[in-house]
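The lines below spell out each chain.
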Amino acid sequence: MKERIKSLVLASLVVASLVQSYFLIYRLPGGGDSIVTSETNYVKTENMGQERNIEDLIFPDQMVIHLGEDKHTVFYPGNTFYQLIYSRLQGRTFDDFQRRSVQSIHWDQIRKENPGFELSFKEGIPVALLQRVMRLGTDSLFQGETINRISIYTAKNETKAHALFFSAKGDVVYEATQADLTVQDVQQHVDFGSSWTPYTLMDGGYYIPAEALETIEADVPTGQFTVEQMQRSLFFDPSMTRNIREKDGSEIYTDSKRSLQVKQEQRWISYTDPAAPPAGQIDAAKDALSAVDFVNQHGGWKGRSRMMLDTTDTKTKLQFQQYYSSFPIMDSMQFRFGTISMEMQQETVSSYERSLEYLNEGAETKKSVTLPGGDKLKALIQKVAGTNRKVVDVYPAYRPSSIEDGLKLIPVWVIRFGNGEETTVS
């Protein structure tokens, strides 16, 4: 009997020892997640900015309300009605998609004559990512698409609402024949825009306000990540890196494999990892998820950002553009700020660029200003476009400039041309 008790005790001790060894090997201290990670399950480093879910980074760049009779208005991110309509739409279900050619739906006529609202995802969002923020049914053809516009409208003498999802390729549109939005739902959302600033639909398919747009200019104090913080964040063993000073004044830190270039005057870093991943098919959705995970663990986020992506045969390019209030902050070669740029290959980061400087929102000073609208804005657009360049979009943004202890954010109109170039007027 004693021998049996001794055997049971010994067996219990062995089991307990094995369990303890498992947690010591595979778990972080304090019950964290597994430290046995894949190439794209990035290890958390120093806590610098906040972490974000990808759902926080996917939202329309603008929301157009069509009132009928060629009357329109526009809501921008951060606007109360924008937030209300978008949050309601995220709770609705869209299913049973029918594929049609763009030419068959008479889009110009629909947006001029029919009440409804339109969500613009300018650069396009893969359906696999759009499904993370909206309830979309699965369909083999639709699943592989990238959507750049969603239009929901009602037609005269019809008892159901229409929901159109436009392919970013520009050739096809998908109609959700099953959508739990009633005609009354759509009309209520349209009514939110009835007393808002009227906008005019221009020949290029963009909208401009019929009167001056009221907004704010802000002086915002800033903070700055140190080079040492980024170095510790991006290299497995920072003590093994060497420093190279370039002729232009920038510095390069490298461990012979990866490199981190720091441009002190611009407070800007460029990180590259040239390691070639195994060949395979590009999956933009997986690349985007891995990119967000990488930023979460290597610098984090400051403020609100919107994701934009572009996919080629070999890589996915992503930009995360920072917003202040309702408008994006411009990033230009003359003044680098507000954008995180990345290139992904097979869910692995090959390049990562961002500013070391960040906004300390909540301590800024603001003043009310207006952006020109109506005939004055039309004249400004005509002046910069001339007769040779086609204007495809006009939108408000903030142009940053340095001030003592911070940045001045100046509202401007950004004019985008058909070749992708942009210029500003104010």
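Structure: above.
Below is a short write-up of the structure. Only a predicted model underlies this, so the values are computations on that prediction, with no experimental measurement involved.

So, about the overall build of the chain. Helix and strand counts for the chain stand at nine helices and 25 strands. Relative to its full complement of 426 residues, the chain shows a buried share of 46%. For the chain, contacts bridging at least 24 residues in sequence account for 66% of all contacts bridging at least 6. Accessible area for the chain stands at about 21,700 Å²; split by element, carbon and sulfur atoms hold 48% of it.

Quick look at empty space enclosed by the protein now. The final tally for this structure, using the stated rule, is two cavities of 30 Å³ or more. Of the volumes computed, that of the largest cavity is approximately 150 Å³. Those elements that place two or more of their residues in the lining of the largest cavity are β17 (316-324), β19 (339-345), β20 (348-355) and β21 (357-359). For the lining of the largest cavity, the per-class residue count stands at six nonpolar, five polar and three charged.

Once that is clear, we can look at the pairing of strand β16 (residues 304-311). The pairing of β16 with β17 spans eight bridges and is antiparallel. Following the sheet pairing, Arg-304 is matched in β17 by Tyr-323. The loop that links β16 with its antiparallel partner β17 comprises four residues.

Turning next to the side chain of Thr-215. With respect to the helices and strands, Thr-215 occurs in strand β11 (residues 213-224). For Thr-215, a relative accessible area of 12% puts it in the buried group. For Thr-215, the contacting residues outside a window of four places in its chain are Phe-327, Lys-367, Ser-368, Val-369, Leu-371, Tyr-398 and Pro-411.

Moving on to the packing of aromatic side chains. The full count for this structure, using the stated rule, is 20 aromatic pairs. Ring centres 5.6 Å apart and planes at 40° place the aromatic pair Phe-327 and Tyr-398 in the tilted group. In this pair, Phe-327 is assigned in strand β18 (residues 327-328) and Tyr-398 in strand β23 (residues 391-403), connecting sequence segments 71 residues apart. Taking the relative accessible area as the measure of exposure, Phe-327 reaches 6% and is therefore buried. An aromatic cluster is defined as three or more aromatic residues linked by ring pairs; in this entry it consists of Phe-94, Phe-97, Phe-142, Phe-165 and Tyr-174. Above the plane of the ring of Tyr-358 lies Lys-302, whose end atom (NZ or CZ) is 4.5 Å from the centre. Here Arg-304 stacks its cationic end above the ring of Phe-59, 4.1 Å away from the centre of that ring.

Once that is clear, we can look at the environment of Ala-291. With respect to the element layout, Ala-291 can be found in helix α8 (residues 284-297). By relative accessible area, Ala-291 is classed as buried at 0%. Considered as a pair, Ala-291 and Ile-54 are 237 residues apart in the sequence and their alpha carbons are 9.4 Å apart. Filtering out sequence-adjacent residues up to four positions away, Ala-291 remains in contact with Leu-318, Phe-320, Met-342 and Met-344.

Cut-offs applied
Residues numbered from 1 in each chain as written. Predicted model: local features only at pLDDT ≥ 70, side-chain atom pairs only at ≥ 80, totals over all residues. Heavy atoms only, no water. Helix = DSSP H or I, 4+ residues; strand = E, 2+ residues; numbered from the N terminus. Buried < 20%, exposed > 50% of the residue type's maximum accessible area, 1.4 Å probe, protein only. Contact = heavy atoms within 4.5 Å. Areas by Shrake-Rupley, 256 points an atom, 1.4 Å probe, with all protein chains shown as cover. 1 Å grid on protein atoms, 1.4 Å probe; cavity = no way out; pocket = protein on both sides within 12 Å on 5 of 7 lines; lining within 4 Å. Points joined across faces, edges and corners; volume = space filled by probe spheres on them. Nonpolar A, V, L, I, M, F, W, Y, C, P; charged D, E, K, R; others polar. Pairing = 2+ DSSP bridges. Phe/Tyr/Trp six-rings, centres within 6.5 Å; stacked < 30°, edge-to-face > 60°. Lys NZ or Arg CZ within 6 Å of the ring centre and 35° of its normal.

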